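Spelled out, the chains give:
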Amino acid sequence: MSTIPASLSLPLISTVDTPRRGRLQRSIAMLTAAAMLTACVSTREGRIGADDGTDACRAQVVALDSTGNFFGEEMIRGAAIGAVGGAALGALLAAASGGRGRNIAAGAAIGAVGGAVVGGTAGYFSARQQQAQDQASLSTAVANDLAAENAQLDRTWIAYTQLMDCRFGTAQRIREAFRAGQLQRPQAEAQLAGVRARTQRDLALARSINDKIGERGQQFDVAIENIAPGTKDQVMSGARVSRAVPVQARSSVALKLRPDTNAPEVTQISAREAVTLRPAANGFTMVETASGVRGYAPASAFPEARNLGAAPPPPSANTSTDFRSLAASNIARRDNFSQSLDNTERLAQGAGFELAS
């Protein structure tokens, strides 16, 4: 937590008369409490709703929500704590200089802005710098943090994938039941609408976790740029270089959520539909429709896929202690998760839960 240096605190407070000092202390205490409460008021039921026993994917929702706890810790609180510390210092400085009312409030506001900037973007790196004895120990400390972050990102990715498999798998079974005559159209459409609504709530949860990941990522980016300059630019420019081939589908092809034979189908492309192919793993090709929806189909369904070459390897568990490798895989993991959310949101808004898919 940001604190007022001892060399400043006692002289400043001693210059304020007792009644005004009491009011100032109460104001700062209220500000501190409000900031901490804002950071902490969140319950599982508030995030994902109560369990009414009707959600077949409830366990997967809980698993994804649980992984988000990690990303709400320490580094995220840095901005709120920095703002409180800055506000307190700004208010004390204004009061010590004889400020009243508006002047003290203005000092607090200015201090809060400054504190949030330091706590929110550079606070992590600054703290690690202060703790490190030299550049080598600084790099090691940040590398260890990146390794822990990467492991948690993997857990979040797995939980998210399992939840989406459950949702889109449920939608696929509803479509199959309709085609088999086990469900009438109104029933099937109502059930698909229910799955779509649950999926959109899941995506809101995933998006909130991704926002926290992004906030932490900003702080890691500051550290990465200071320790290994240019790493992020290199990773992002490499991600944008992906061989793409525009083709016209020769026949109707089902697209899967992931490049995996066991993954659920999410939509279909029709014969003669214009799509774009990109390399993927496991004998699949990534197919992107004109509307921007992406799915995976066997590469054998497209003769043109032979010209795509190999897909870039996904971010690995990365047991390497090489700092640049850890940093690059962290950046790639964050980007992959964010892009996957974007694609799933497009699916949830359209073909992913349509009866004809």
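Residues numbered from 1 in each chain as written. Predicted model: local features only at pLDDT ≥ 70, side-chain atom pairs only at ≥ 80, totals over all residues. Heavy atoms only, no water.

1. With respect to the overall build of the protein
Which entries qualify depends on this criterion: Put simply, DSSP marks the helices as runs of H or I at least four residues long and the strands as runs of E at least two long, and each gets a number from the N terminus on. Think of it in three bands: residues with accessible area under 20% of the maximum for their type are buried, residues over 50% are exposed, and the middle band is partly exposed, with areas taken using a 1.4 Å probe on protein chains only. Residues are treated as being in contact if the distance between any of their heavy atoms lies within 4.5 Å. For the area figures, the Shrake-Rupley method with a 1.4 Å probe applies, and any residue is considered shielded solely by the protein chains shown.
Helix and strand content of the protein: 10 helices and six strands. By the burial criterion, 42% of the 357 residues in the protein qualify as buried. Long-range contacts, defined as pairs at least 24 residues apart, comprise 69% of the intrachain contacts of the protein with a sequence gap of at least 6. With the model as given, the accessible surface of the protein reaches about 18,400 Å², and the carbon-plus-sulfur share is 55%.

2. Structural notes on the packing of aromatic side chains
To describe a pair of aromatic rings, one takes the distance between the centres and the angle between the planes. Put simply, the test is: Pairing of aromatic rings covers Phe, Tyr and the six-membered ring of Trp, with a centre-to-centre limit of 6.5 Å; geometry is then stacked below 30 degrees between planes, edge-to-face above 60, and tilted otherwise.
Inspection of the entire model under this criterion finds six aromatic pairs. Ring centres 6.4 Å apart and planes at 85° place the aromatic pair Trp 157 and Phe 337 in the edge-to-face group. Linking Trp 157 in helix α7 (residues 135-179) with Phe 337 in helix α10 (residues 323-349), this pair joins segments that are 180 residues apart in sequence. Since its relative accessible area comes to 4%, Phe 337 is described here as buried. Taken together through their ring pairs, the aromatic side chains of Trp 157, Tyr 160 and Phe 337 make up a single cluster.

3. What about the state of the cysteines?
Our working rule: When two cysteine sulfur atoms are found within 2.5 Å, that pair is recorded as a disulfide.
Taken as a whole and assessed by the stated rule, the structure comprises one disulfide. Disulfide pairing is shown between Cys 57 and Cys 166; the S-S distance is 2.0 Å. Of note, the bridge from Cys 57 to Cys 166 carries an S-S torsion of about -90° and is left-handed in sense. Here Cys 57, found in the loop between α3 (44-48) and α4 (58-71), pairs with Cys 166, found in helix α7; they are 109 residues apart in sequence, far enough to count as distant. An identical accessibility class is assigned to Cys 57 and Cys 166; each is buried.

4. Some words on the pairing of strand β4 (residues 274-279)
Just so we agree on the cut-off: Strand pairing follows a simple DSSP-based rule, namely that at least 2 bridges must link the two strands.
Alternating positions in β4 separate cleanly, Val 275, Leu 277 and Pro 279 being buried on one face and Ala 274, Thr 276 and Arg 278 remaining unburied on the opposite face. In the sheet, strand β1 (residues 245-248) pairs with β4 via four bridges, with the strands oriented antiparallel. For Val 245, the partnering residue across the bridge sits in β4 and is Leu 277.

5. Observations concerning the nonpolar core
To keep things clear, this is the line we draw: To form a nonpolar core, buried Ala, Val, Leu, Ile, Met, Phe, Trp, Tyr and Cys residues must be joined to one another through side-chain atoms within 4.5 Å.
Counting residues in hydrophobic clusters, the biggest one holds 46 residues, and the most contacted among them are Leu 64, Tyr 160, Ile 269, Leu 277, Val 287 and Phe 302. At the level of secondary structure, the elements contributing two or more residues to this core comprise α4, α7, α8 (185-227), β1, β2 (253-256), β3 (265-269), β4 and α10. For this core, the element with the highest residue contribution is α7, accounting for 10 residues. In this view, Tyr 160 contacts Leu 64, Leu 203, Ala 206, Phe 337, Ser 340, Leu 341 and Thr 344; residues no more than four positions away in its chain are not counted. The next biggest cluster of nonpolar side chains, apart from the first, holds 17 residues, and it includes Leu 146, Ala 223, Ile 224 and Ala 228.

6. Let's talk about the packing of α7 against α10
We apply this condition: Note on definitions: angles span 0 to 180 degrees between N-to-C directions of axes, and those axes are lines fitted to C-alpha atoms, for helices only across the stretch in contact. Put simply, angles under 35 degrees are roughly parallel, angles over 145 are roughly antiparallel, angles from 65 to 115 are roughly perpendicular, and the rest are oblique. Take the far helix as your reference; a near helix turned counterclockwise from it by less than a right angle gives a left-handed crossing, and one turned clockwise gives a right-handed crossing. Only Asp, Glu, Lys and Arg are considered charged, only Ala, Val, Leu, Ile, Met, Phe, Trp, Tyr, Cys and Pro nonpolar, and every remaining residue, Gly among them, polar.
Taken N-terminus to C-terminus, the directions of α7 and α10 make an angle of 25°; their axes are 9 Å apart at the nearest point. It follows from the interaxial angle that α7 and α10 lie roughly parallel. Here the hand of the crossing between α7 and α10 comes out left-handed. Grouping the amino acids of the contact of α7 with α10 by side-chain chemistry returns 15 nonpolar, eight polar and four charged.

7. Some points on unusual backbone geometry
Backbone geometry places Arg 272, a non-glycine residue, at a positive phi of 70°. Looking at the secondary structure, you find Arg 272 in the loop between β3 and β4. For Arg 272, a relative accessible area of 63% corresponds to the exposed category. Here Asn 282, not a glycine, exhibits a phi torsion of approximately 60°, which is positive.

8. Overview of the environment of Asn 226
Counting through the fold element by element, Asn 226 comes out in helix α8. As a C-alpha pair, Asn 226 and Ser 139 span 87 residues in sequence and 9.9 Å in three-dimensional space.

9. Brief notes about α4
Within the sequence span of α4, burial applies to Arg 58, Val 61, Leu 64, Asp 65, Thr 67, Gly 68 and Phe 71. Tucked inside the fold, the buried residues of α4 contact α3, α7 and α8.

10. A short note on the pattern of salt bridges
Applied cut-off: A pairing counts as a salt bridge when a side-chain nitrogen of Lys or Arg comes within 4 Å of a carboxyl oxygen of Asp or Glu.
Counting across every chain of the model gives 18 salt bridges. Arg 44 is the salt-bridge partner of Asp 65, the closest N and O atoms lying 3.2 Å from each other. Placement of the pair is Asp 65 in helix α4 and Arg 44 in helix α3, with a sequence separation of 21 residues. Residue Asp 65 is classed as buried on the basis of its relative accessible area, which comes to 2%. According to the relative accessible area criterion, Arg 44 is partly exposed, its value standing at 34%. Across the salt bridge formed by Glu 288 and Arg 294, the nearest N and O atoms sit 3.2 Å from each other. A relative accessible area of 24% means that Arg 294 is categorised as partly exposed. Through salt bridges with shared partners, one network takes in Asp 55, Arg 167, Arg 198 and Asp 202.

11. Some thoughts on the confidence of the model for the protein
Selection rule: For every residue, the predictor reports its confidence as pLDDT, a number between 0 and 100.
For the protein, per-residue confidence averages 78 on the pLDDT scale, and 70% of positions sit at 70 or higher. No element of the protein has a lower mean pLDDT than helix α1 (residues 6-14), at 36, and none a higher one than α8, at 95. For the stretch residues 76-90, pLDDT sits under 50, and the model shows 36 contacts to residues farther than four places along the chain or on other chains.

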